[in-house]
Amino acid sequence: MIMIDIRQLRLFVAVAEELHFGRAAARIGMAQPPFSQQILKLERDLGTPLLLRTSRRVSLTPAGAELLRSAYDLIAYRDRMIDRVKRTANGDAGALRIGFAASSAIGILPPIIQRIREQLPDVTLHLDDRDGVDFGALIRAGALDAAIVRAPLGATGVVVEPLHSEPFIAVMPVDHPLSERGTLVPGDLAGCPFILFPRAASPGLHDTIIGTCVDAGFSPMVVQEASAWLTVVSLVESGLGITIAPSSAARHCPPGVMVVPITGTNARAELATIRCEGLASPLVQRFLDVARPSVTVPAA
């Protein structure tokens, strides 16, 4: 088996470019005799002359010209490989598997992804956007690196870190009797038909909305559930009912609905990141560092 190391290739490239043993040896920082011996050894290992030597000049043989082309490719590949390994170790490159419930990341995920693409261009994101999934279990099983979820979260065996907090808004058809109000308190919505996410899709968000209504003295009359925000807001636009949503959802409302801020309550839509217990990997930590300042959704 022929063994050629990168150092031998670098020596060969130097002499192939200089076409002079003395200058090539000086460029590498070696004495000329051991430099020449290494080139001779390379030729013996390959079983063919790579250089034509005369008293007046040095030139490449056809085999030498072919090796030079391949040497450039191999050295460049080796350098890229080492750079990528180092960048991965530092959290600047690699693949990241992120889970999020579509019903829980309305308006939140796009700025995070945009910032990651800008600051971590060598990180490949694999997104799992299923609703009603136990992302904590997937993280503990090693199927995901991290997830963005609505708090409060009853998961164990994971590290939960706050990401963002925002107020709630009421979303209703433009011709709804309450649509012209500047603000609403939760009690104003008593008696209205509601369209909500199913609890399985986002337990924390669902329970917070229901709890806000109960604290205001009424239990919301849910006439329809839908997992996708586009479906929820389309049903609202059709006049089937109203909904309560995080303020970031206002960015994704059609012209046929009105958004009114909800005041008179301390209830907030809380967003958090979760990851496995223990020290976060460099890549996961970089994701968390980038994600936190990315969420700049204005309050309603």
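Now for a description of the structure that goes with this document. None of these values were measured; they are calculated from a predicted model.

**Here we look at the pairing of strand E12 (residues 269-276)**
Turning to step 1, where the next piece is worked out: Among the eight residues in E12, six count as buried, and that is most of the element.
Turning to step 2, where the next piece is worked out: The pairing of strand E5 (residues 146-151) with E12 spans six bridges and is antiparallel. Paired with Ala151 across the bridge in E12 is Glu270.
Turning to step 3, where the next piece is worked out: Sheet analysis places strand E6 (residues 158-166) next to E12, joined by eight bridges and oriented antiparallel. Among the inter-strand pairings, Ser165 is bridged to a residue of E12, identified as Glu270.

**Focus: the environment of Glu237**
Turning to step 1, where the next piece is worked out: As for its placement among the helices and strands, Glu237 is situated in helix H8 (residues 229-237).
Turning to step 2, where the next piece is worked out: You can call Glu237 partly exposed: its relative accessible area is 36%.

**Concerning the nonpolar core**
In summary, soluble globular proteins display a tendency toward joint burial of nonpolar side chains.
Turning to step 1, where the next piece is worked out: Among the nonpolar cores identified, the biggest contains 31 residues, and Phe168, Leu189, Phe194, Trp229 and Ile244 are the most heavily contacted of them.
Turning to step 2, where the next piece is worked out: Here the element with the most residues in this core is strand E7 (residues 168-173); it accounts for five residues.
Turning to step 3, where the next piece is worked out: Beyond its immediate stretch of four places on either side in the chain, Leu189 contacts Ala170, Leu178, Leu184, Phe194, Phe218, Ile242, Ile244 and Ile262.
Turning to step 4, where the next piece is worked out: Counting residues in hydrophobic clusters, the runner-up holds 21 residues, among them Ala14, Ala24, Phe35 and Ala71.

**Some details on the pattern of salt bridges**
Turning to step 1, where the next piece is worked out: Under the defined criterion, the tally for this structure stands at 17 salt bridges.
Turning to step 2, where the next piece is worked out: In this structure, Glu18 engages Arg27 in a salt bridge whose closest nitrogen and oxygen atoms are separated by 3.2 Å.
Turning to step 3, where the next piece is worked out: Among the residues examined, Arg27 registers a relative accessible area of 42% and is labelled partly exposed.
Turning to step 4, where the next piece is worked out: A salt bridge links Glu166 to Arg150; the shortest N-O distance between them is 3.6 Å. Here Glu166 is found in strand E6, whereas its partner Arg150 is found in strand E5, with 16 residues between them in sequence.
Turning to step 5, where the next piece is worked out: Judged by relative accessible area, Arg150 falls into the buried class, the value being 4%.

**As for the packing of aromatic side chains**
Turning to step 1, where the next piece is worked out: Tallied over the entire structure, the rule returns three aromatic pairs.
Turning to step 2, where the next piece is worked out: For the pair Phe197 and Trp229, a centre-to-centre distance of 6.3 Å together with 50° between the ring planes defines the contact as tilted. Here Trp229 lies in helix H8 and Phe197 lies in the loop between strand E8 (193-196) and helix H7 (203-215), a separation of 32 residues in the sequence. Trp229 carries the same exposure label as Phe197, and that label is buried.

**What to know about the sheet that holds strand E10 (residues 243-246)**
In a beta sheet, neighbouring strands are held together by backbone hydrogen bonds and run either parallel or antiparallel to one another.
Turning to step 1, where the next piece is worked out: One open sheet holds the three strands; their spatial order is E10-E7-E11, and the pairing between them is antiparallel. Two strands bound the open sheet, and with one partner strand each, they are E10 and strand E11 (257-261). Across the sheet, the mean angle from the axis of one strand to that of its neighbour is 35°, orientation sign disregarded.
Turning to step 2, where the next piece is worked out: Docked against the sheet, H8 engages E7, E10 and E11, running at close to 50° with respect to E7.

Reading the values: rules and limits
Residues numbered from 1 in each chain as written. Predicted model: local features only at pLDDT ≥ 70, side-chain atom pairs only at ≥ 80, totals over all residues. Heavy atoms only, no water. Buried < 20%, exposed > 50% of the residue type's maximum accessible area, 1.4 Å probe, protein only. Helix = DSSP H or I, 4+ residues; strand = E, 2+ residues; numbered from the N terminus. Pairing = 2+ DSSP bridges. Core = buried A, V, L, I, M, F, W, Y, C linked by side-chain atoms within 4.5 Å. Contact = heavy atoms within 4.5 Å. Salt bridge = Lys/Arg side-chain N within 4 Å of Asp/Glu carboxyl O. Phe/Tyr/Trp six-rings, centres within 6.5 Å; stacked < 30°, edge-to-face > 60°. Axes fitted to C-alpha atoms, helices over the stretch in contact; angles between N-to-C directions.

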